[in-house]
Amino acid sequence: MTRGTIVFSKKGRDKGRAMVVLEDDGIYLTLVDGKLRTLEKPKKKKAKHVQPTNTQVEMQPVGRALQDADIRKQLRCFVESIDANSEGGKPHCQKTM
């Protein structure tokens with residue numbers, strides 16, 4: 001998995017939660033969600049305990065450093081688009097970065 005890949009946790013207290021990969025060192029991934037797991041306190045989790053998606057998030061905002069709010073926005077948009085697709089609706093997120 002590469003930096004910026006959205007994954008879903010399959011095991012643990014955070015089961016079912018969407019997160020973004022910050023680092024991949026083989027066995028372990030460093031994950032953030034911008035809320036409970038911030039950039040300052042990322043989660044270290046085994047790669048076999050997450051379900052990767054085909055979606056990447058923007059990890060380099062133009063003109064500034066990456067912030068937790070950026071990650072929260074992109075994850076919220078991704079989850080809303082999944083919900084809209086399952087209900088037959090149309091996602092209404094806009095790319096802001």
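Refer to the preceding data block for the structure.
Residues numbered from 1 in each chain as written. Predicted model: local features only at pLDDT ≥ 70, side-chain atom pairs only at ≥ 80, totals over all residues. Heavy atoms only, no water.

### Things to note about the side chain of T30
Right, on to step 1. One can find T30 in strand β3 (residues 28-32).
Right, on to step 2. Not counting chain neighbours up to four residues away, the residues in contact with T30 comprise V20, V21, L22, E23, P42 and K43. (Helix = DSSP H or I, 4+ residues; strand = E, 2+ residues; numbered from the N terminus. Contact = heavy atoms within 4.5 Å.)

### Quick word on a positive patch on the surface
Right, on to step 1. Positive charge collects at one region of the surface, where K35, R72, K73 and R76 lie side by side.
Right, on to step 2. Examined against the element boundaries, K35 turns out to sit in the loop between β3 and β4 (43-46). (Patch = residues over 30% accessible without salt bridge, like charges linked within 9 Å, V, L, I, M, F, W, Y side chains within 5 Å. Areas by Shrake-Rupley, 256 points an atom, 1.4 Å probe, with all protein chains shown as cover. Salt bridge = Lys/Arg side-chain N within 4 Å of Asp/Glu carboxyl O. Lys, Arg positive; Asp, Glu negative; His and termini not counted. Charge placed at Lys NZ, Arg CZ, Asp CG, Glu CD.)

### Some thoughts on the nonpolar core
Right, on to step 1. Formed by I6, A18, V20, L22, V32, V57, M59, L66, I71, L75 and F78, the largest nonpolar core amounts to eleven residues.
Right, on to step 2. Mapped onto this core, the elements with two or more residues apiece are β2 (18-24) and α1 (68-86).
Right, on to step 3. Discounting chain neighbours no more than four positions away, the residues touching L22 are R3, T30, V32, L39, P42 and M59.
Right, on to step 4. Membership of the second largest hydrophobic core comes to six residues, among which are V7, M19, L29 and L31. (Core = buried A, V, L, I, M, F, W, Y, C linked by side-chain atoms within 4.5 Å. Buried < 20%, exposed > 50% of the residue type's maximum accessible area, 1.4 Å probe, protein only.)

### Brief notes about the packing of aromatic side chains
Right, on to step 1. In the structure shown here, the tally under the stated rule is one aromatic pair.
Right, on to step 2. Ring geometry for F8 and F78: centres 6.1 Å apart, planes at 35°, overall tilted. Of this pair, F8 sits in strand β1 (residues 5-9) while F78 sits in helix α1, placing them 70 residues apart in sequence.
Right, on to step 3. Judged by relative accessible area, which is 22%, F8 ranks as partly exposed.
Right, on to step 4. Classification of F78 as buried rests on a relative accessible area of 12%.
Right, on to step 5. A cation over a ring is seen here: K44 above Y28, with NZ or CZ 4.9 Å from the ring centre. (Phe/Tyr/Trp six-rings, centres within 6.5 Å; stacked < 30°, edge-to-face > 60°. Lys NZ or Arg CZ within 6 Å of the ring centre and 35° of its normal.)

### Comments concerning the sheet that holds β3
Right, on to step 1. Pairing is antiparallel across the open sheet formed by five strands, whose spatial order is β4-β3-β2-β1-β5. Of all strands in the sheet, those with a lone pairing partner are β4 and β5 (50-56), marking the two edges. Across the sheet, the mean angle from the axis of one strand to that of its neighbour is 45°, orientation sign disregarded.
Right, on to step 2. Looking at chain direction, β2 and β3 are connected through four bridges and run antiparallel. Note that in β3 the partner of E23 across the bridge is T30.
Right, on to step 3. Where α1 meets the sheet, it contacts β1, β2, β3 and β5, and its direction lies at approximately 130° from that of β2. (Pairing = 2+ DSSP bridges. Axes fitted to C-alpha atoms, helices over the stretch in contact; angles between N-to-C directions.)

### A word on the pairing of β2
Right, on to step 1. With five of its seven residues buried, β2 lies for the most part within the structure.
Right, on to step 2. Bridge analysis of β1 against β2 gives three bridges, and the strand direction is antiparallel. The residue bridging F8 from the neighbouring strand is A18, located in β2.
Right, on to step 3. The hairpin formed by β2 and β3 contains three residues between the paired strands, and G26 there has a positive phi angle of roughly 100°.

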